[in-house]
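Residue strings, one per chain:
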Amino acid sequence: MPVITTIADLKRLHKRRTPKMFYDYAESGSWTEQTFRENTSDFDQIRLRQRIAVDMTNRTTASQMIGQDVAMPVALAPVGLTGMQCADGEIKAARAAEKFGVPFTLSTMSICSIEDVAEHTTKPFWFQVYTLKDDDFMQRLFDRARDAGCSAMVITLDLQIMGQRHKDLKNGLSAPPKFTLASMADLATKWPWGIEMLQTKRRFFGNIVGHAKGVSDPSSLASWTAEAFDHALDWDRVAQLMKMWGGPVILKGILDADDARKAAELGADAIIVSNHGGRQLDGALSSIRALPAILDAVGDKVEVHLDSGIRSGQDVLKALAMGAKGTYIGRAFVNGLGAMGEKGVTTALEVIHKELDTTMALCGRRDVKTLDRDILLVPEDFEGRWCS
Ligand SMILES: Cc1cc2nc3c(=O)[nH]c(=O)nc-3n(C[C@H](O)[C@H](O)[C@H](O)COP(=O)(O)O)c2cc1C
């Protein structure tokens, strides 16, 4: 068994063990992938202030996200097709998150259904919805999430239409994979994945197939999103969806201060500063670069979370010190899952926790809730000077 010390180690194993179509699906951004790349490279521009001779005993990374206790303010982001990275992937990731004490967010586009995940976990998880045209289906999703005990609804607002990821088109992404010469040749080298997949019945979009009307090709993510997603979405519709759910709401995909103000006005419990991991509007700012302006606009009105580009506990610390109250990891936990299933997700969380805790100590802090800009060295022009 290789020694795992970083998320990059898990990513290498993920690539080796998972069919190319699903690895590529995770490891890509839209179009030129500029935003995808800058999500991580912008974190690297922020440096840390080393402090010495400061008592570092009794440290804690425990905090709260939307009033819920978390072992560290790092939630698992909603990731579609997680159950294709390894068999029953959503259940495995949810169990790892539950044991670690961090929130798990189940995607609408998951393979395991809401009910599947609820049946195999003991604590409430969060559910994520895309904004769909079909009101009946939306209401049923909310009802199912409520019945399953979900404690918050993440409403994703940055995907009314899908950003193009070239690799998915070239690989013919589908769940389950269609048998072509290329996919069969690839699967032949990933046979442990195939054997596990044959042993589970969960191979289709569990929240959609058998629940949504008029889905012409349930195996194709692209065709379903084109058919079902609400291109006419506006803030009134967001307010209506929040009312239909009626519980705690996190609005995801905010990258602009004006949008953040609107989300705060609607009474969201939190917003996620996110560009969907660089998978939607290529050329948009990285989340960490967009964060300060959003905090200036609404930091005292709504809880602000951040995702996109987090690959280490140091990235988590930087986001928190910049002012985010919580963070999410997408690819970092998917790398763990694809590498080693549930154990891999636990390892990803352990790696991030250790990096966060050690970095916090070396910056002279003991409590993750006290992190602030004082421990960071941020380039003067970090937010950039842009003309519009
Ligand atoms: C493979 C993949 C699938 C995703 N699917 C969804 C999804 O179904 N719903 C959603 O709101 N966000 C989705 N996202 C975006 C994540 O929730 C999150 O915003 C992003 O992964 C954060 O960036 P990171 O991967 O750099 O951590 C997906 C991201 C990836 C990488």
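Residues numbered from 1 in each chain as written. Predicted model: local features only at pLDDT ≥ 70, side-chain atom pairs only at ≥ 80, totals over all residues. Heavy atoms only, no water.

Engineer: Please clarify how helix α7 (residues 135–147) should be interpreted in this entry.
Structural biologist: Note on helix geometry: an α-helix contains 3.6 residues per turn, so any two residues three or four positions apart are oriented the same way. Its 13 residues place the ends of α7 18 Å apart at the C-alpha level, agreeing with the 18 Å of an ideal helix rising 1.5 Å per residue. Here α7 has its buried residues at Phe 137, Met 138, Leu 141, Phe 142, Arg 144 and Ala 145. All buried residues of α7 fall inside an arc of 165° around its axis, so they share one side. Structurally, the start of α7 carries an N-cap: the backbone nitrogen of Asp 136 is 3.0 Å from a side-chain oxygen of Asp 134. Gly 149 occupies a position one or two residues after α7 and carries a positive phi of about 85°. (Helix = DSSP H or I, 4+ residues; strand = E, 2+ residues; numbered from the N terminus. Expected span 1.5 Å × (residues − 1). Buried < 20%, exposed > 50% of the residue type's maximum accessible area, 1.4 Å probe, protein only. Arc of directions from axis to C-beta. Polar contact = N/O pair within 3.5 Å; in protein donor to acceptor, adjacent residues only side chain to side chain.)

Engineer: Even after reading the chapter, I still don't get the layout of surface pockets, so can you show me in this structure?
Structural biologist: A probe matching the size of a water molecule, rolled over the atoms, marks out where space remains unfilled. Space inside the largest pocket adds up to approximately 330 Å³. Leu 157, Asp 158, Gly 253, Leu 255 and Asp 259 are, among the 17 residues lining the largest pocket, the residues nearest its centre. Mapped by element, the contributors of at least two residues to the lining of the largest pocket are α12 (235–245) and β8 (249–254). Residues of the lining of the largest pocket, tallied by class, amount to 8 nonpolar, 5 polar and 4 charged. Put simply, the second largest pocket is a space of about 270 Å³. In this structure, the second largest pocket is lined by 15 residues; those nearest its centre are Asp 69, Val 102, Pro 103, Lys 123 and Pro 124. For the lining of the second largest pocket, the secondary structure elements donating two or more residues are β3 (68–70) and α5 (89–100). For the lining of the second largest pocket, a count of residues per class yields 9 nonpolar, 3 polar and 3 charged. (1 Å grid on protein atoms, 1.4 Å probe; cavity = no way out; pocket = protein on both sides within 12 Å on 5 of 7 lines; lining within 4 Å. Points joined across faces, edges and corners; volume = space filled by probe spheres on them. Nonpolar A, V, L, I, M, F, W, Y, C, P; charged D, E, K, R; others polar.)

Engineer: Looking at this structure, I do not really get the nonpolar core. What am I missing?
Structural biologist: Generally speaking, a soluble globular protein has its nonpolar side chains buried in company with each other. Residues Leu 76, Leu 251 and Ile 271 are the most contacted members of the largest nonpolar core, which totals 112 residues. Top element by residues in this core is helix α16 (residues 331–362). It accounts for 13 residues. The residues touching Leu 76, leaving out its near neighbours within four places in the chain, are Ala 93, Ala 97, Val 102, Pro 103, Phe 104, Thr 105, Tyr 328, Ile 329, Phe 333, Val 345 and Leu 349. Within the second largest apolar cluster, 12 residues are counted, among which are Ala 75, Trp 126, Val 154 and Tyr 328. (Core = buried A, V, L, I, M, F, W, Y, C linked by side-chain atoms within 4.5 Å. Contact = heavy atoms within 4.5 Å.)

Engineer: What should I look at first to understand the site of the ligand in this one?
Structural biologist: The immediate surroundings of the ligand are formed by 22 residues, with Pro 78, Ser 107, Tyr 130, Thr 156 and Asp 307 found nearest. The contact in question runs from an oxygen atom of the ligand to an N or O atom on the backbone of Pro 78, over 2.7 Å. Against a free-state accessible area of 600 Å², the protein chains account for coverage of 99% of the ligand. Taken atom by atom, the bulk of the ligand overlaps the largest cavity. Put simply, the parts of the chain that give the shell around the ligand at least two residues each are α2 (20–26) and β6 (126–130). Here the residues of the shell around the ligand are counted per class, giving 7 nonpolar, 10 polar and 5 charged. (Near = heavy atom within 4 Å. Areas by Shrake-Rupley, 256 points an atom, 1.4 Å probe, with all protein chains shown as cover. Sits in = over half its atoms within 2 Å of the grid points.)

Engineer: Which parts of the structure should I look at to understand the pattern of salt bridges?
Structural biologist: Should their charged atoms come close, side chains of opposite charge can pair. Under the definition given, this model contains 25 salt bridges. Asp 258 is the salt-bridge partner of Arg 261, the closest N and O atoms lying 2.7 Å from each other. Separated by 3 residues within a single helix, Arg 261 and Asp 258 lie in helix α13 (residues 257–265), roughly one turn from each other. Across the pair Arg 365 and Asp 374 runs a salt bridge whose closest N-O atoms are separated by 4.0 Å. Among the residues examined, Arg 365 registers a relative accessible area of 16% and is labelled buried. (Salt bridge = Lys/Arg side-chain N within 4 Å of Asp/Glu carboxyl O.)

Engineer: Explain the sheet that holds strand β11 (residues 326–329) to me, please; I cannot follow it from the model alone.
Structural biologist: Adjacent strands of a sheet form backbone hydrogen bonds with each other and so pair up, either parallel or antiparallel. Pairing is parallel across the open sheet formed by 8 strands, whose spatial order is β4-β11-β10-β9-β8-β7-β6-β5. With one partner strand each, in any of the chains shown, β4 (74–76) and β5 (105–106) form the two edges of the open sheet. Examined bridge by bridge, strand β7 (residues 152–156) and β8 share 4 bridges and lie parallel to one another. Bridge pairing in β8 links Thr 156 to Lys 252. The strands touched by α13 within the sheet are β8 and β9 (270–273), with β8 carrying the most contacts at an inclination of about 170°. (Pairing = 2+ DSSP bridges. Axes fitted to C-alpha atoms, helices over the stretch in contact; angles between N-to-C directions.)

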